Amino acid sequence: MIDLHHGKVFIDDKDIYSFNNDELAIFRRRQVGLIYQFYNLIPILNVEENITLPLDLDNRTVSREKLDNLVKSMGLYERKKHLPSELSGGQQQRCSIGRALITNPAIILADEPTGNLDSNASREIVEILRKSNKDMNQTIIMITHNLEIAKVADRIIKIEDGKIFE
């Protein structure tokens, strides 16, 4: 729920605007997954290490089974020890999505997640996000200029020149 008149944002009945900096950092690390257009993978980390990075930064671990299941669902199991430079663009984006999903966040923010991909890889990415939305009950907020991808959303908000127009 967003209360635009009083500047409050409630997520899980908590006003996140009331959080101090430390609480806000923890909230972001644990409840928000980020997917970037340009992947933002760490070049010296392999697929598994890039995916588990948010947990490592939070001093948390993940079970081998959960990690293996996520890597398999991203279609990267055979490439799990490869560096980003050894992956295709679609594989790098799936790794980036795995990193966003590993913490089971409530919200996924995706900035043009298919912007650098061919149409086949784009469809795969959209399907992964739809499955995550349904299976994990996550809210996915995606920015895209691709109307075909936008059409799969439950809700579309069109913004032009910084204003909602539809």
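Notes on the structure in this doc start here.

The rules behind these values
- Residues numbered from 1 in each chain as written.
- Predicted model: local features only at pLDDT ≥ 70, side-chain atom pairs only at ≥ 80, totals over all residues.
- Heavy atoms only, no water.
- Helix = DSSP H or I, 4+ residues; strand = E, 2+ residues; numbered from the N terminus.
- Buried < 20%, exposed > 50% of the residue type's maximum accessible area, 1.4 Å probe, protein only.
- Lys, Arg positive; Asp, Glu negative; His and termini not counted.
- Salt bridge = Lys/Arg side-chain N within 4 Å of Asp/Glu carboxyl O.
- Contact = heavy atoms within 4.5 Å.
- Axes fitted to C-alpha atoms, helices over the stretch in contact; angles between N-to-C directions.
- Left-handed = near helix turned anticlockwise from the far one by under 90°.
- Pairing = 2+ DSSP bridges.

### Side note on the side chain of Arg99
No. 1: Here Arg99 shows up in helix α4 (residues 89–101).
No. 2: This buried residue, Arg99, is left without a salt bridge; Asp56 holds the nearest opposite charge, at 11 Å.
No. 3: Non-local contacts of Arg99, meaning those with residues more than four positions away in its chain, are made with Tyr36, Tyr39, Asn40, Leu41, Asn50, Ile51 and Pro54.

### Points about the pattern of salt bridges
No. 1: In total, this model carries eleven salt bridges according to the counting rule given.
No. 2: Across the salt bridge formed by Asp58 and Arg30, the nearest N and O atoms sit 2.7 Å from each other. Placement of Asp58 in the loop between α2 (47–57) and α3 (64–73) and of Arg30 in helix α1 (residues 21–31) is noted, with a sequence separation of 28 residues between them.
No. 3: Its relative accessible area of 8% is what places Asp58 among the buried residues.
No. 4: In this structure, the salt-bridge partner of Glu148 is Lys151, at a minimum N-O distance of 3.2 Å.
No. 5: Overall, Lys151 belongs to the exposed group, its relative accessible area being 57%.
No. 6: A single network of salt bridges, built from pairs that share partners, joins Arg29, Arg30, Asp58 and Arg60.

### Quick notes on the packing of α2 against α4
No. 1: At a closest axis distance of 7 Å, the pairing of α2 and α4 adopts a crossing angle of 30 degrees. In this structure, α2 meets α4 at a crossing whose hand is right-handed. Where α2 abuts α4, its residues Val47, Asn50, Ile51 and Pro54 lie against Cys95, Gly98 and Arg99.

### As for the sheet that holds strand β5 (residues 107–111)
Paired through backbone hydrogen bonds, the strands of a sheet run either parallel or antiparallel to each other.
No. 1: Strands sit in the order β4-β5-β6 across an open sheet of three strands; the sheet is parallel. The sheet terminates laterally at β4 (32–35) and β6 (139–143), the two strands that pair on one side only. Looking at each pair of strands side by side, their axes are set apart by 15 degrees on average, direction ignored.
No. 2: Helix-sheet contacts for α4 involve β4 and β5, and the interaxial angle to β4 is about 170 degrees.

Remember that the coordinates give geometry; whether it matters functionally is a separate question.
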